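# Results of the structural survey
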Amino acid sequence: MSDDLQALVLPEEYRASRAHLFPSPQSLTWFVRQHKASLVAAGALTVIGGRHRLHPDKTDAVLVEAGKQAAQKAVA
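Residues numbered from 1 in each chain as written. Predicted model: local features only at pLDDT ≥ 70, side-chain atom pairs only at ≥ 80, totals over all residues. Heavy atoms only, no water.

## Topic: the overall build of the protein chain
Going by this rule: Helix and strand assignments come from DSSP, with helices taken as H or I runs of at least 4 residues and strands as E runs of at least 2, each series counted from the N terminus. Should any heavy atoms of two residues lie within 4.5 Å, those residues are counted as being in contact. Throughout, the Shrake-Rupley method with a 1.4 Å probe supplies accessible areas, and for residues the shown protein chains are the sole cover considered. Here Asp and Glu are counted as negative and Lys and Arg as positive; His is not counted, and neither are the chain ends. One atom stands in for each charge, and that atom is NZ of Lys, CZ of Arg, CG of Asp or CD of Glu.
The secondary structure content of the protein chain amounts to five helices and two strands. Helices and strands in the protein chain line up, N terminus first, as α-α-α-α-β-β-α. On the principal axes, the C-alpha backbone points of the protein chain span a range of 40 × 25 × 20 Å. Sequence separation of at least 24 residues holds for 52% of the intrachain contacts in the protein chain that already meet a minimum separation of 6. Accessible surface, the protein chain: about 5,100 Å² in total, of which carbon and sulfur atoms supply 57%. Treating the 9 positive side-chain charges of the protein chain as one cloud and the 7 negative ones as another, the clouds have centres 9 Å apart.

## Let's talk about the layout of surface pockets
The condition is simple: Here a cavity denotes a set of grid points, spaced 1 Å apart and computed over the protein atoms alone, in which a 1.4 Å probe fits but from which it cannot get out, and a pocket denotes an open set meeting protein on both sides within 12 Å along at least five of seven lines; residues with an atom within 4 Å of a point are reported as lining. Grid points are joined across faces, edges and corners, and a volume is the space filled by probe spheres set on the points. Only Asp, Glu, Lys and Arg are considered charged in this grouping, and only Ala, Val, Leu, Ile, Met, Phe, Trp, Tyr, Cys and Pro are considered nonpolar; every other residue, Gly among them, is considered polar.
Roughly 200 Å³ of volume is contained in the largest pocket. If you trace the largest pocket, you find it lined by P11, E12, R15, P25, L28, T29, V32, R33, K36, L45, H52 and L54. The set of elements that each furnish at least two residues to the lining of the largest pocket consists of α2 (11-17), α3 (25-34) and β2 (51-54). By residue number, the principal contributor to the lining of the largest pocket is α3, which donates five residues. Its residues placed into classes, the lining of the largest pocket shows six nonpolar, two polar and four charged.

## As for the pairing of strand β1 (residues 45-48)
Definition in use: Strand pairing is assigned whenever DSSP identifies at least 2 bridges connecting the two strands.
Examined bridge by bridge, β1 and β2 share four bridges and lie antiparallel to one another. Across the sheet, residue L45 finds its bridge partner in β2, namely L54.

## A closer look at the pattern of salt bridges
Keep this limit in mind: Here a salt bridge means any side-chain nitrogen of Lys or Arg lying within 4 Å of a carboxyl oxygen belonging to Asp or Glu.
Following the criterion strictly, the structure yields three salt bridges and no others. Across the pair K58 and D4 runs a salt bridge, and its minimum N-O distance is 3.1 Å. Here D4 lies in helix α1 (residues 2-7) and K58 lies in helix α5 (residues 56-75), a separation of 54 residues in the sequence. Taking the shortest distance from any N to any O, the salt bridge between R51 and E12 comes out at 3.2 Å. In this pair, R51 is assigned in strand β2 and E12 in helix α2, connecting sequence segments 39 residues apart.

Structure, rendered in structure tokens:
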């Protein structure tokens, strides 16, 4: 569990390392708002001290799954 806690980052840190996917702070904010339930269920999003924290690996997994679902809808 402590590894998970050490992995948690602020959204701006997550976005900075994935700027090719989230070119603006608003793009990440939109993604989190649209997929909040999935992020929480996956253990990717938590709130500590009133601030959102993201677990990068778990957030990536939710991002990939959301992309797959969007692609499936696009071809249906």
